[in-house]
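Breakdown of the fold
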Amino acid sequence: MPGFLDQLRNRGSSTSTPAPQQGATTSTMPGLQSSNYATGRGMVSPDGADPATANRPKSPLGQKVYDANAARISKMEPERTADQDGDTAAFEKNFESNKARYEDVSARTGIPARLIAAIHWRESGGNFGTYLHQGDPLGKPAVHVPTDIPVFDKWEDAAVNALQSKKSVQNDLGMKADTQDKAAMATYAEYYNGLGYQARGQPSPYVFAGTNQYKSGKYVADGKYDPKTVDRQMGVMGLIGADKADS
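Here is what the cut-offs are and how they apply
One numbering rule holds for all chains: residues counted from 1, following each sequence as written. Totals for whole chains, interfaces and linings use all residues, but because this is a predicted model, local features are given only for residues with pLDDT of at least 70 and pairs of side-chain atoms are given and counted only at 80 or more. The side-chain figures draw on all heavy atoms in the structure; neither hydrogens nor water molecules are used. Runs of H or I in DSSP of at least four residues are treated as helices and runs of E of at least two as strands, each being numbered from the N terminus. A 1.4 Å probe rolled over the protein chains alone gives each residue an accessible area, and that area as a share of the maximum for its type sets the label: buried under 20%, exposed over 50%, partly exposed in between. The Shrake-Rupley method, run with a 1.4 Å probe, gives the accessible areas here. Residue values count only the displayed protein chains as cover. To obtain an axis, a line is fitted to C-alpha atoms, over the contacting stretch when the element is a helix, and the angle between two such axes runs from 0 to 180 degrees between their N-to-C directions. Here the angle decides the label: under 35 degrees means roughly parallel, over 145 means roughly antiparallel, 65 to 115 means roughly perpendicular, and every other value means oblique. The sense of a crossing depends on the near helix, which, turned anticlockwise from the far helix by less than a right angle, makes the crossing left-handed and, turned clockwise, makes it right-handed. Residue contacts follow a heavy-atom distance rule, with two residues in contact if any of their heavy atoms lie within 4.5 Å. As a working rule, the residues Ala, Val, Leu, Ile, Met, Phe, Trp, Tyr, Cys and Pro are called nonpolar, Asp, Glu, Lys and Arg charged, and the rest polar, with Gly in that last group. Any carboxyl oxygen of Asp or Glu within 4 Å of a side-chain nitrogen of Lys or Arg constitutes a salt bridge here. How far a helix is expected to stretch is found by multiplying one less than its residue total by 1.5 Å. Confidence of the predictor in every single residue is expressed as pLDDT, which spans 0 to 100. Residue types Ala, Val, Leu, Ile, Met, Phe, Trp, Tyr and Cys, when buried and joined through side-chain atoms within 4.5 Å, form a set referred to as a nonpolar core. Stacked, edge-to-face and tilted are the three classes for Phe, Tyr and Trp ring pairs, Trp counted by its six-membered ring, which pair at centre distances within 6.5 Å; planes under 30 degrees apart are stacked, over 60 edge-to-face, the rest tilted. Two limits define a charge over a ring: the Lys NZ or Arg CZ must be within 6 Å of the ring centre, and within 35 degrees of the ring normal.

1. Examining the overall build of the protein
The number of helices and strands found in the protein is 10 helices and two strands. Overall, the protein shows an N-to-C arrangement of helices and strands of α-α-α-α-α-α-α-α-α-β-β-α. The buried share of the protein, taken over its 247 residues, is 55%. As displayed, the protein has an accessible area near 10100 Å², and 52% of this comes from carbon and sulfur atoms.

Structure representation (structure tokens):
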């Protein structure tokens, strides 16, 4: 089964290096919350830009996060447990079955469809009855961070709202629906979850769990980091595909 009850959220600001924040558990069931590849090489676009770094941010903090993720991605390989193998296979099945829904949100927001699907899987195991923001059930006021969101009854509308809340990050990255820069996707995902791990100089399990770039370290409660705890849920970049050929 995808998702684990021991996953805890670590939210942060998209404009400054934050302290670790709210923690909550994750599951594929509504109301139980999530914790919140390699870059293309040897390709040149018609305008001469290298897709490997096409989406490097302009802001100093964005560049710092992007460069750290790009270095990790350059060495990244899948490193999954048997449970994570099953989780990844379930994610792929969900993505193929619901691609039209993810592509609809992608067209409305300019975020790549597969990245949306990976965030959705991380947040709620792909449950379309939950908010993309943090996995609370649709149709009710949110009770987990972020709580200051409108009540939505339709997953697509809630997803658009969640992704637009990180519009400044998207703009800094110059991200579009067809972006292939995986370091940019990793950076967007890390901002989406929060920069508490970046502040510690550690890879975010939200991004890298299930790859050789993550070994251990996890926020197990609000503001409480345990370097020995292992996040066993698949990270966003693990789901996007550490073992897939570069685009």
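2. Description of the packing of helix α3 (residues 99–109) against helix α5 (residues 155–164)
Look at α3 against α5: their axes get within 10 Å of each other, and the N-to-C directions meet at 40°. Classified by the angle their axes make, α3 and α5 are oblique. Where α3 crosses over α5, the handedness of that crossing is right-handed. Mapping the contact onto sequence places Arg101, Tyr102, Asp104, Val105, Arg108 and Thr109 in α3 and Trp155, Glu156, Asp157, Ala159, Val160, Leu163 and Gln164 in α5. Across the contact of α3 with α5, the residue classes tally to six nonpolar, two polar and five charged.

3. Points about the packing of α3 against helix α4 (residues 113–124)
At their nearest, the axes of α3 and α4 sit 8 Å apart, and the two run at 115° to each other. Between α3 and α4, the crossing angle belongs to the class labelled roughly perpendicular. For the element pair α3 and α4, the recorded crossing hand is right-handed. Residues Tyr102, Glu103, Val105, Ser106 and Thr109 of α3 form the contact with α4, whose own contacting residues are Ala113, Ile116, Ala117 and His120. Each residue belonging to the contact of α3 with α4 can be placed in one class, and the counts come to five nonpolar, three polar and one charged.

4. Some details on the pattern of salt bridges
If you walk through the whole model with that rule in mind, you get 10 salt bridges. We note a salt bridge from Asp67 to Arg56, for which the minimum N-O separation is 2.6 Å. Placement of the pair is Asp67 in helix α1 (residues 60–74) and Arg56 in the segment before α1, with a sequence separation of 11 residues. You can call Arg56 partly exposed: its relative accessible area is 37%. The partner of Lys99 in a salt bridge is Glu96, and the shortest N-O contact between them spans 3.5 Å. One network of salt bridges, in which partners are shared, links Asp104, Arg108 and Asp157.

5. Overview of α4
Between its terminal C-alpha atoms α4 stretches 16 Å, which fits the 16 Å expected from 12 residues at 1.5 Å a residue. Extensive coverage of α4 is indicated by the burial of 12 of its 12 residues. When α4 is considered as a whole, its buried residues turn out to be Ala113, Arg114, Leu115, Ile116, Ala117, Ala118, Ile119, His120, Trp121, Arg122, Glu123 and Ser124. Against the buried residues of α4 lie α2 (82–97), α3, α5, α7 (182–193), α9 (205–208) and α10 (236–241). Gly125 occupies a position one or two residues after α4 and carries a positive phi of about 65°.

6. Focus on the confidence of the model for the protein
Of the residues in the protein, 76% reach a pLDDT of 70 or more, and the chain-wide mean stands at 82. Here residues 1–49 is a poorly scored stretch, pLDDT under 50, and it has 192 contacts once near neighbours within four places are set aside; other chains count.

7. Examining the nonpolar core
Leu115, Leu132, Trp155, Tyr188, Val236 and Met237 are the most contacted members of the largest nonpolar core, which has 53 residues in total. Per-element tally for this core: the top contributor is α7, with eight residues. For Tyr188, the contacting residues outside a window of four places in its chain are Ile111, Leu115, Ile119, Leu163, Lys166, Val169, Gln170, Leu173 and Met175.

8. Describing the packing of aromatic side chains
Under the definition given, this model contains 10 aromatic pairs. Relative to Phe128, the ring of Tyr102 has its centre 5.6 Å away and its plane inclined at 40°; by these criteria the two rings are tilted. Here Tyr102, found in helix α3, pairs with Phe128, found in the loop between α4 and α5; they are 26 residues apart in sequence, far enough to count as distant. Across the pair, exposure class does not vary: Tyr102 and Phe128 are buried alike. On the basis of an interplanar angle of 70° and a centroid distance of 6.1 Å, the ring pair of Tyr197 and Tyr225 is categorised as edge-to-face. Highlighted residues: Tyr197 in helix α8 (residues 196–199) and Tyr225 in strand β2 (residues 224–226), separated in sequence by 28 residues. Take Tyr197: its relative accessible area is 2%, and that puts it in the buried class. A cation sits over an aromatic face here: Arg114 above Phe95, 5.3 Å from the ring centre.

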